[in-house]
Amino acid sequence: MNLENIRLPGGVDAAPNPRVRIVAPPVTTLQRFQRQRDRILRSQRRWENIKADLPPQLSRKHIGMISIGGVIGTGLFLGLADALRNGGPVGAFLGYAVVGSVVYCLCVSVGEMIAYLPNVGGVVGLADLYVDPALGFSLGWAAWYNWSVTLPAEITAAAVVLGYWENTARLPVAAVSAFFLVIATAVNCFPSRYYGEVEFYLSCLKVTTIVLVILVGLLVDLGASHQGRIGFRYWRDQPFALSYLGITGPKGQFLGFWAVIMQASFSFFGSEVPGIVSVFPQNVPRALRRVWIRITLFYLGGVLFAGLLVPMQDEGLLNDDGTGRHSPFVIAFKRANYKVLPDLVNAAILISAWSAAASDIYIGSRFLFFLARRGHAPSFLAHLFKLNHARSVEVHDGESTESASDVENDSEIEEEPRRGSEPTLSDVLGDYPPQDEKDSKYVLPLASVLVSASVGFLTFLSSAAGSAEAGFQWLVAVASVASLQSWAGMLFTYIRWHQGTTYAERGEGLTAEDAQARRVQIDEIKKNRQWGQPYLAWYAFILCLIVLFTNGWAVFLMNIAAEVIGEVLPQYGATEKQADPVSQFLSAYVPIPFFLLLTFGYKLIKQTQMTAVDEMVFFRGRVPPYNPHEEAPKNWLERLLQWVRII
């Protein structure tokens, strides 16, 4: 229709070039709040459906012990050798202490958020709701990537340790890696309760081993060997490494200390797991604080006694033969002339490597299944293999489609039934049907398990690298970068969460009644807020970013030092490992653009928007009711674990 030549009645010409404008009514504050509240309820419904289809089968004793022992792996038993070699006894201890402080800040931040909204999908769901759906997408894939990349590192470590007994007739690295990968995958093909039982006893063994190692190390340090009393002799004689990659003096000592931080990041990775798998959301902050204390004591205790008992000049520490002989604990007991303990420690390291690999597959497969149910991964990964009286396979394409579009089409939100403007109590809490034990007899996300386990084939890179030790070091570097990247994303989510609570507490633009309701919500959140927030989160976030962007400095120093800063190019010493610059650069920086590509690619394709501070709603929705009687220990073992603060 041509609007330029319209004649009105009476022969009067219309105004030339009229413009037709359709103005949408402005979105009110109440409508924005309602839309955000509906997103929270939808996320909770999705989480309830996932738990109904894949019911949790791990008990409190399983979660309590796995949360401690499941993350004690090769980073502690084998990684300390590199920490001592690069940073010296004091540098290694300080490096692990710094990363431990970052983990503490991470734990208290995650604990505050999940205690208030425990059933929206963990940190992934919180990032979706309070930052940007694009960040939730990338954090979900980053979490799966973290656990998947750690898997080949642990499998390769098992091949490294096995070389302790096979020094003359080495077993093929590929064959050993394949054997451990198959066994770790097979355990995850059984129902979760069987995995929980196996991992429970292996975690007990690992915790017992590290406690005994620390106690025996204390006795050796006090003089229970032919060496006499050692004390802090090695700390005084050489507290820091003399050089790092040929760089001497204070600069080399600082760079060696900085390298320890990357190794410690790999060791501490997984400390936030209790916030993901906790059964009782009301106790998430307490569980996270306890786990952080225990893990920090284990790691700091381990690195302390390793530095007290092993001098940096020890040949076993400097001349790394690519086997378990370079573990500081093995070296310490050999120096004390203890005949059996070195073999027992290596056996514990071997079990720890396999146990951590099994945990990597379990947690990674659950992340992948969750991503598929959100519509962020291929739909076949949401298949559930069920075996009761007959075998069946379930697909949840409908839910994936719904969840994939829920963040882009906010105008098509299904309204919750209401009376007036607020949901009733039954609308908020909902109904929670009891689990059918027969239905959960054998339920497994088999496709997700197999896909997550297939990443373990990266362990065969160690064959191409020439030794299992070289492959282990490369995979550790990749996993360390990935863990710091995820920690940074979690901390940024909390920073936005804190900004939203601060704004909501002011109650700007709200009526007196609405402002009072907001303050009640914020008071509930503050019950689990740690003193010092948000500065604790900012400290950890900034440190993670600094380490992320500087961890590959050696690549540039080795290639441009002489040309740019006019210094003589440092040379590697005979006892220092020389890494391929290309491989070192890729392991240090490839995960960063991968994460950014996921975030901004999803944002560009789906046209998502960052959640504004004034649009954040802190609405608990369908949080399950808390029954304190369910938390009471049910047998003597749970009472014992509760007494020693394990659960």
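Residues numbered from 1 in each chain as written. Predicted model: local features only at pLDDT ≥ 70, side-chain atom pairs only at ≥ 80, totals over all residues. Heavy atoms only, no water.

1. Some points on the overall build of the chain
Each helix and strand in the chain was counted, giving 26 helices and seven strands. Relative to its full complement of 647 residues, the chain shows a buried share of 55%. The long-range fraction of contacts in the chain, counting pairs at least 24 apart against all pairs at least 6 apart in sequence, stands at 84%. Within the structure as shown, the chain displays about 28,500 Å² of accessible surface, and the carbon and sulfur contribution to it stands at 64%. (Helix = DSSP H or I, 4+ residues; strand = E, 2+ residues; numbered from the N terminus. Buried < 20%, exposed > 50% of the residue type's maximum accessible area, 1.4 Å probe, protein only. Contact = heavy atoms within 4.5 Å. Areas by Shrake-Rupley, 256 points an atom, 1.4 Å probe, with all protein chains shown as cover.)

2. Some points on the packing of aromatic side chains
A full pass over the atoms with the stated rule returns 23 aromatic pairs. Ring geometry for F179 against F180: centres 5.6 Å apart, planes inclined by 75°, an arrangement best described as edge-to-face. Among the aromatic side chains, those forming a connected cluster through ring pairs are Y116, Y130, W497 and F618. The aromatic ring of F619 is capped on one face by R37, whose charged end is 5.3 Å from the ring centroid. Just above the ring of Y116 sits the side chain of R620; from NZ or CZ to the centre is 5.0 Å. (Phe/Tyr/Trp six-rings, centres within 6.5 Å; stacked < 30°, edge-to-face > 60°. Lys NZ or Arg CZ within 6 Å of the ring centre and 35° of its normal.)

3. Section: the nonpolar core
Core analysis: the largest hydrophobic core is formed by 161 residues, its most contacted members being Y96, Y130, W487, W497 and F618. No other element matches the 20 residues that helix 6 (residues 133-162) contributes to this core. With sequence-adjacent residues up to four places away left out, Y130 is seen in contact with Q36, I40, L117, R496, W497, T611, M616, V617 and F618. Among the nonpolar cores identified, the runner-up in size contains seven residues, and L245, L255, A259 and A554 belong to it. (Core = buried A, V, L, I, M, F, W, Y, C linked by side-chain atoms within 4.5 Å.)

4. Some thoughts on the pattern of salt bridges
A side chain with one charge can pair with a side chain of the opposite charge if their charged atoms come near. In total, this model carries 10 salt bridges according to the counting rule given. A salt bridge links D128 to R374, with the nearest nitrogen and oxygen atoms 2.7 Å apart. Of this pair, D128 sits in helix 5 (residues 122-130) while R374 sits in the loop between helix 15 (341-373) and strand 5 (384-387); the two residues are 246 residues apart in sequence, bridging distant segments of the chain. When sorted by exposure, D128 lands in the same class as R374, which is buried. One salt bridge connects K527 with E524, and the closest N-O pair in it is separated by 3.1 Å. The class for K527 is exposed, based on a relative accessible area of 61%. You can call E524 partly exposed: its relative accessible area is 29%. (Salt bridge = Lys/Arg side-chain N within 4 Å of Asp/Glu carboxyl O.)

5. Digging into the packing of helix 15 against helix 18 (residues 446-454)
Between helix 15 and helix 18, whose axes approach to 8 Å, the crossing angle comes to 125°. The orientation of helix 15 relative to helix 18 falls into the category oblique. Relative to helix 18, the crossing made by helix 15 is right-handed. Contacts from I361, G364, S365, R366, L368 and F369 of helix 15 reach helix 18 at S448, V449, V451, S452 and A453. Here the contact of helix 15 with helix 18 is composed, by residue class, of six nonpolar, four polar and one charged. (Axes fitted to C-alpha atoms, helices over the stretch in contact; angles between N-to-C directions. Parallel < 35°, antiparallel > 145°, perpendicular 65-115°, else oblique. Left-handed = near helix turned anticlockwise from the far one by under 90°. Nonpolar A, V, L, I, M, F, W, Y, C, P; charged D, E, K, R; others polar.)

6. Digging into the packing of helix 4 (residues 79-116) against helix 5
Each pair of packed helices can be summarised by the angle the axes make with each other and by the distance between the axes. Closest axis-to-axis distance for the helix 4/helix 5 pair is 10 Å, and the angle between their directions is 80°. In this view, helix 4 runs roughly perpendicular relative to helix 5, as classed from their interaxial angle. Counted together, V110, M113 and I114 of helix 4 and G122, V123 and L126 of helix 5 form the full contact between these two elements. Partitioned by chemical class, the residues of the contact of helix 4 with helix 5 number five nonpolar, one polar and no charged.

7. As for a nonpolar patch on the surface
On the surface, a cluster of nonpolar side chains totalling about 280 Å² of accessible area is made up of F179, V182 and I183. Turning to its location among the elements, F179 is positioned in helix 7 (residues 173-188). (Patch = residues over 30% accessible without salt bridge, like charges linked within 9 Å, V, L, I, M, F, W, Y side chains within 5 Å.)

8. A short note on the side chain of R373
As for its position among the elements, R373 is in helix 15. We classify R373 as buried; its relative accessible area is 0%. Looking at R373, its side chain comes within polar contact range of the side chain of D53, at 3.0 Å. (Polar contact = N/O pair within 3.5 Å; in protein donor to acceptor, adjacent residues only side chain to side chain.)

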